[in-house]
Amino acid sequence: MISLATQPHLAIVMRPRPAARTIAKAIHLRLLFLIVATLWIFPVLARGQEPAQTTQEFEQQLNKLSDDEVEDQKTGRCALQLTKYKPALEVAEKHQGEDRVWAGKCLYNIGEYYSRQRNFPMAEFMLRRAVNVFGKDPSLHPKGHAPALFELAFVYDQLGDLSRAEALYEQALGISEQVYGVDSPQAMQLLNQLGVVYQGKANYDLSVQMLQRALVIARKHYAADAPHIAVMLNNLASSYESLGDIATAEDLLKQAIATLEKPAGTLKPEDPNQSQAVRVHLATSVNNLGALYQVHDLVKAQPLLERALAMRVELLGEDHPDVAVTLNNLAMVDWRRGDLKQAEE
């Protein structure tokens, strides 16, 4: 159940002006979940012998988190049912060997479920227990330890505790490089997340280093026109802009837009053959380039932001937070032009 698509899992940095950065923070990490799911093929639960009969029932309930994910997210029914089997889990958590691995996986899946519900206090509680289980004997199941560290780091990232998130991402990176290799997709994704965390901590030089490494790995595993590449380019552009290297940031964002337009075989982003995910990424890249020009070239900024706005309204609806980000950027363009009336509108 671990999850470059429109969600969660690679983080993509929005390029609003300061007033809209809070909205953007809540948006860009949604990409994280889908990427993690595609990178870590992590079984919902261990197969084979279970510690007790109740754990078999418990496993059936946990499986519902993936099979009936949409319904469970609406009702939280599955999370309530899990409490019935809490004693069995607590016993297994204290055991050794396969029982401990089983407990760690259970705790991880419950924690991830709460994370998806944005119930971060409960997610933190469960994921810390999972990390503790795997951490007591990392060699027993290293492929479970790294995802648990990653998910806990994501929770702290969402809670604004970047220092804890940084430490956990770095720990997960070390394990992933040993288990999967330094050029693996798992290492790539963790480097990207670290790059975004360093942006949040205003350590832009280190952010560039992490994101450049991630981009090099991504180009080894994905086609040049893959959305993964565009995510990396966007994030790297953000760091270069913060360092004042506007020319490099502009070039990277143009590369991202060209990358996302290429799959459709046309320069028209409204092509119905484009996937929803690609078009959402494209709208973000266009928004980011418009936001870059917003400070340095108002003439170029206006049409780009209008294009991004039209795409986002069509794809996401007028009430979506991404639409608010682009509206804010357009208002800033009007304000800089001295058109205060239009900016207020």
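Definitions and limits used
- Residues numbered from 1 in each chain as written.
- Predicted model: local features only at pLDDT ≥ 70, side-chain atom pairs only at ≥ 80, totals over all residues.
- Heavy atoms only, no water.
- Helix = DSSP H or I, 4+ residues; strand = E, 2+ residues; numbered from the N terminus.
- Buried < 20%, exposed > 50% of the residue type's maximum accessible area, 1.4 Å probe, protein only.
- Areas by Shrake-Rupley, 256 points an atom, 1.4 Å probe, with all protein chains shown as cover.
- Expected span 1.5 Å × (residues − 1).
- Contact = heavy atoms within 4.5 Å.
- Salt bridge = Lys/Arg side-chain N within 4 Å of Asp/Glu carboxyl O.
- pLDDT = per-residue confidence, 0-100.
- Core = buried A, V, L, I, M, F, W, Y, C linked by side-chain atoms within 4.5 Å.
- Polar contact = N/O pair within 3.5 Å; in protein donor to acceptor, adjacent residues only side chain to side chain.
- Phe/Tyr/Trp six-rings, centres within 6.5 Å; stacked < 30°, edge-to-face > 60°.
- Axes fitted to C-alpha atoms, helices over the stretch in contact; angles between N-to-C directions.
- Parallel < 35°, antiparallel > 145°, perpendicular 65-115°, else oblique.
- Left-handed = near helix turned anticlockwise from the far one by under 90°.
- Nonpolar A, V, L, I, M, F, W, Y, C, P; charged D, E, K, R; others polar.

A word on the overall build of the protein
- Across its full length, the protein carries 18 helices and one strand.
- Looking at the 345 residues of the protein, the share that counts as buried comes to 55%.
- Total accessible area computed for the protein in this model is approximately 14700 Å², and 53% of it derives from carbon and sulfur atoms.

Description of helix 16 (residues 298-316)
- Compared with an ideal rise of 1.5 Å per residue, which puts 19 residues at 27 Å, helix 16 spans 26 Å between its outermost C-alpha atoms and is within 8% of the ideal.
- For helix 16, the set of buried residues is Ala301, Gln302, Leu304, Leu305, Ala308, Leu309, Met311, Arg312 and Leu315.
- Residues of helix 16 that are buried in the fold lie against helix 15 (276-296) and helix 17 (321-337).
- Once helix 16 ends, the next one or two residues include Gly317, with phi positive near 95°.

Description of the pattern of salt bridges
- Enumeration according to the criterion identifies eleven salt bridges in this entry.
- Note that Arg164 and Asp161 form a salt bridge whose closest N and O atoms lie 3.5 Å from each other.
- We classify Asp161 as partly exposed; its relative accessible area is 27%.
- A single salt-bridge network, built from bridges that share partners, covers Glu124, Arg128, Asp161 and Arg164.

Some words on the confidence of the model for the protein
- Counting all residues, the mean pLDDT for the protein is 75, and 64% of those residues have values of 70 or more.
- Element-level mean pLDDT values for the protein span from 39 in helix 1 (residues 21-28) up to 95 in helix 12 (residues 204-221).
- In this model residues 1-9 is a low-confidence stretch, pLDDT under 50, and it forms 66 contacts with partners more than four residues away in sequence or in other chains.

Focus: the nonpolar core
- Grouped together as the largest cluster of nonpolar side chains are 73 residues, with contacts concentrated most on Tyr169, Leu236 and Leu289.
- For this core, the element with the most residues is helix 9 (residues 142-158), which contributes nine residues.

With respect to the side chain of Glu124
- Checked against the element boundaries, Glu124 lands in helix 8 (residues 120-136).
- Classification of Glu124 by relative accessible area gives buried; the value is 16%.
- Within the structure, Glu124 has its side chain in polar contact with the side chain of Tyr156 (distance 2.7 Å).

So, the packing of aromatic side chains
- Taken as a whole and judged by the stated rule, the model has two aromatic pairs.
- Each ring, one from Tyr113 and one from Tyr114, has its centre 5.8 Å from the other, and the planes form 65°; the classification is edge-to-face.
- Look at Tyr114 and you get buried, because its relative accessible area is 14%.
- Considering the side-chain rings of Phe150 and Tyr169, the 5.5 Å spacing of their centres and the 65° angle between planes classify their relative orientation as edge-to-face.

Description of the environment of Arg118
- With respect to the helices, strands and loops of the structure, Arg118 is situated in the loop between helix 7 (98-116) and helix 8.
- Separated by 40 residues in sequence, Arg118 and Gln158 have C-alpha atoms that sit 9.0 Å apart.

Observations regarding the environment of Leu107
- Along the chain, the position of Leu107 falls in helix 7.
- A relative accessible area of 0% means that Leu107 is categorised as buried.
- Sequence separation of Leu107 and Phe125 is 18 residues, and the distance between their C-alpha atoms is 9.3 Å.

Observations regarding helix 11 (residues 185-200)
- Compared with an ideal rise of 1.5 Å per residue, which puts 16 residues at 22 Å, helix 11 spans 23 Å between its outermost C-alpha atoms and is within 8% of the ideal.
- Judged by how many residues are buried, helix 11 sits mostly within the fold: 15 of 16 residues are covered.
- Of the residues trailing helix 11, Ala202 is marked for its positive phi of about 65°.

Considering the side chain of Gln158
- Mapping Gln158 onto the fold places it in helix 9.
- Looking at Gln158, the relative accessible area reads 17%, which means it is buried.
- One polar contact links Gln158 to Arg118, side chain to side chain, over a distance of 3.0 Å.

Concerning unusual backbone geometry
- With a phi close to 65°, Arg118 is a non-glycine residue in the positive phi region.
- Exposure remark for Arg118: the relative accessible area of 47% places this residue in the partly exposed category.
- Positive phi, normally seen in glycine, also occurs at Ala202, with a value near 65°.
- Note that Ala202 resides in the loop between helix 11 and helix 12.
- In this structure Ala202 comes out as partly exposed when scored by relative accessible area, which is 46%.

Quick look at the packing of helix 13 (residues 227-242) against helix 15
- Closest axis-to-axis distance for the helix 13/helix 15 pair is 10 Å, and the angle between their directions is 20°. As far as their axial angle goes, helix 15 and helix 13 are roughly parallel. For the pair helix 13 and helix 15, the crossing hand works out as left-handed. Residues Pro227, Val231, Asn234 and Glu241 of helix 13 touch helix 15, and the partners they reach there are Val278, His281, Thr284, Ser285, Asn288 and Leu292.
- Of the residues in the contact of helix 13 with helix 15, the class split is four nonpolar, five polar and one charged.

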